[in-house]
Amino acid sequence: MQSSLAEDLWAVPLDLWSELRALPPWLAVLIVVGLSLVAARVIQVGGDVLIRRLTRRIPTDVDAAVLRSIHPALYVTVVLVGANLGVLLVTDAPEWTGPMEASTLTLIALVWAFQLARMGRRVAAEFTGEKGDAARVAPIFQNVWSAVLLGVTGFFVLSLWNIDVTPLLASAGILGIVIGFAARDTIANFFGSIALYADGTYVVGDYIVLESGERGRVEDISIRSTVLRTRDDMLVTVPNSVLNTATIINESSPQRERRVRVSVGVAYGSDIDEVEDTLLEVADAESIVLDSPAPRVRFRGFGDSALDVELLCWIPAPVMRGRATHRLNKGVYRAFTDAGIEIPYPQRVVTMNPEHGAPDDASEAAETLADGAQSEAADD
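Residues numbered from 1 in each chain as written. Predicted model: local features only at pLDDT ≥ 70, side-chain atom pairs only at ≥ 80, totals over all residues. Heavy atoms only, no water.

Draft legend 1. View of a negative patch on the surface. Residues Asp-271, Asp-273, Glu-274, Glu-276, Asp-277, Glu-281, Asp-284 and Asp-291 make up a contiguous surface patch of negative charge. With respect to the helices, strands and loops of the structure, Glu-276 is situated in helix α10 (residues 272–285). Given the relative accessible area of 33%, Glu-276 is considered partly exposed. (Patch = residues over 30% accessible without salt bridge, like charges linked within 9 Å, V, L, I, M, F, W, Y side chains within 5 Å. Areas by Shrake-Rupley, 256 points an atom, 1.4 Å probe, with all protein chains shown as cover. Salt bridge = Lys/Arg side-chain N within 4 Å of Asp/Glu carboxyl O. Lys, Arg positive; Asp, Glu negative; His and termini not counted. Charge placed at Lys NZ, Arg CZ, Asp CG, Glu CD. Helix = DSSP H or I, 4+ residues; strand = E, 2+ residues; numbered from the N terminus. Buried < 20%, exposed > 50% of the residue type's maximum accessible area, 1.4 Å probe, protein only.)

Here is the structure:
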């Protein structure tokens, strides 16, 4: 029963194909190509409506990224299949039908590979904005997904054109050794990216400080490298193998709030309580400073020329550190000036021994210096 039903269903398109072959070639081609264009247009318009309805009901945007990537490949495939059927209606010569079919399937494979690669980028972009493991693995998933698509599409296209891939597979071992030596830096960078993901060192959007001194926001994490955008709006590309063995300070983890330290020296004899109150007033008056945790002042020690005091306060994000330090320094200087609190210059006390006395005039001093120079030359 099932086999007869399948045969009946398969007989329907065969009958239609026979009827089309009975028509004049130009009319048959016009019908097939026209129907394929109409079907592609229906899929395009209907797919847009379906995507809008589905994406409204599903809370995340990942489904929209998947559907919008697959949708164009569907109607392009319909058009290419229609064009290939039109050629088959014109001629049955193998020297034409074979290459035409291989060319059509090659274009379809390339279109699907391109759209699936775009889907990987869109899905990775959706996960990048989130927190947790998904955000860390998204850039790596995007690059691995693109590499797999490239390999699968390449082997499929080679098989379409009757290119034997067995020699390629047989020599893969030797080729792998050669590539391993030639691309050891790339392989090291790849495993470095895996290690950075496994450790959860940073994700796209974090503000990090490298061991070499560069600091900036993580713009992109690829298999080979990590791209930072510095405060000077320049992009710095660092290999992942270097980052895997370097000391990295992630100022966006575990939370984005960061503490700012403003060190200042006040003259000996200053009222230390008044200094503390003045510094706290400066922090409270600055809008960029967070109320929680509350600002605090610490008396750090006795310097050579001043009492060392430090104002500690928190800001919303590490990228605001420079702006916050600038504003707080200006506020502290103005507040100390208004309160009469002295910020002393470095002081040195020079004491002369009265037993040796001092030269009476400049000539005597010059002679003393000359005698000293001659004695030193004699010693040498």
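There's plenty left to go through after this.
Draft legend 2. How the structure looks around the sheet that holds strand β5 (residues 249–250). Across the sheet, which stays open at both edges, the five strands sit in the order β4-β3-β2-β1-β5 with antiparallel pairing between neighbours. Two strands close off the open sheet at either side, each with one partner strand: β4 (235–239) and β5. Across four bridges, the pairing between strand β2 (residues 215–221) and strand β3 (residues 225–229) is antiparallel. Its bridge partner lying in β3, Val-218 is registered against Leu-228. (Pairing = 2+ DSSP bridges.)

Draft legend 3. Expanded view of the side chain of Thr-77. By secondary structure assignment, the location of Thr-77 is in helix α3 (residues 62–90). The exposure class assigned to Thr-77 is buried, which follows from its relative accessible area of 17%. A polar contact of 2.5 Å, which involves the side chain of Thr-77, links it to the backbone oxygen of Ala-73. If we ignore the near neighbours within four places in the chain, the residues touching Thr-77 are Ile-108 and Trp-112. (Polar contact = N/O pair within 3.5 Å; in protein donor to acceptor, adjacent residues only side chain to side chain. Contact = heavy atoms within 4.5 Å.)

Draft legend 4. Highlighting a nonpolar patch on the surface. Taken together, the side chains of Leu-23, Ile-31 and Leu-35 present a nonpolar region at the surface, about 240 Å² in accessible area. Mapped onto the secondary structure, Leu-23 falls in the loop between α1 (2–22) and α2 (25–57).

Draft legend 5. Examining the side chain of Arg-258 more closely. Looking at the element boundaries, Arg-258 is found in strand β6 (residues 258–266). Despite its burial, Arg-258 remains without a salt bridge, the nearest opposite charge being carried by Glu-251 at 5.3 Å. Here Glu-251 takes part through its backbone oxygen, which lies 2.8 Å from a polar atom of the side chain of Arg-258. Apart from residues no more than four positions distant in its own chain, Arg-258 is found in contact with Asn-250, Glu-251, Ser-252, Ser-253, Cys-313, Trp-314, Ile-315, Pro-318 and Arg-321.

Draft legend 6. Region of interest: the packing of α10 against helix α11 (residues 321–339). Close contact between α10 and α11 brings their axes to 9 Å; oriented N to C, the two are set at 135°. As far as their axial angle goes, α11 and α10 are oblique. Crossing of α10 over α11 shows right-handed handedness. Packed against α10, whose contacting residues are Glu-274, Val-275, Thr-278, Leu-279, Val-282 and Ala-283, the element α11 presents Leu-328, Gly-331, Val-332, Ala-335, Phe-336 and Ala-339 at the interface. Tallied by class, residues from the contact of α10 with α11 come to nine nonpolar, two polar and one charged. (Axes fitted to C-alpha atoms, helices over the stretch in contact; angles between N-to-C directions. Parallel < 35°, antiparallel > 145°, perpendicular 65-115°, else oblique. Left-handed = near helix turned anticlockwise from the far one by under 90°. Nonpolar A, V, L, I, M, F, W, Y, C, P; charged D, E, K, R; others polar.)

No statement about biological role is implied by the geometric values presented.
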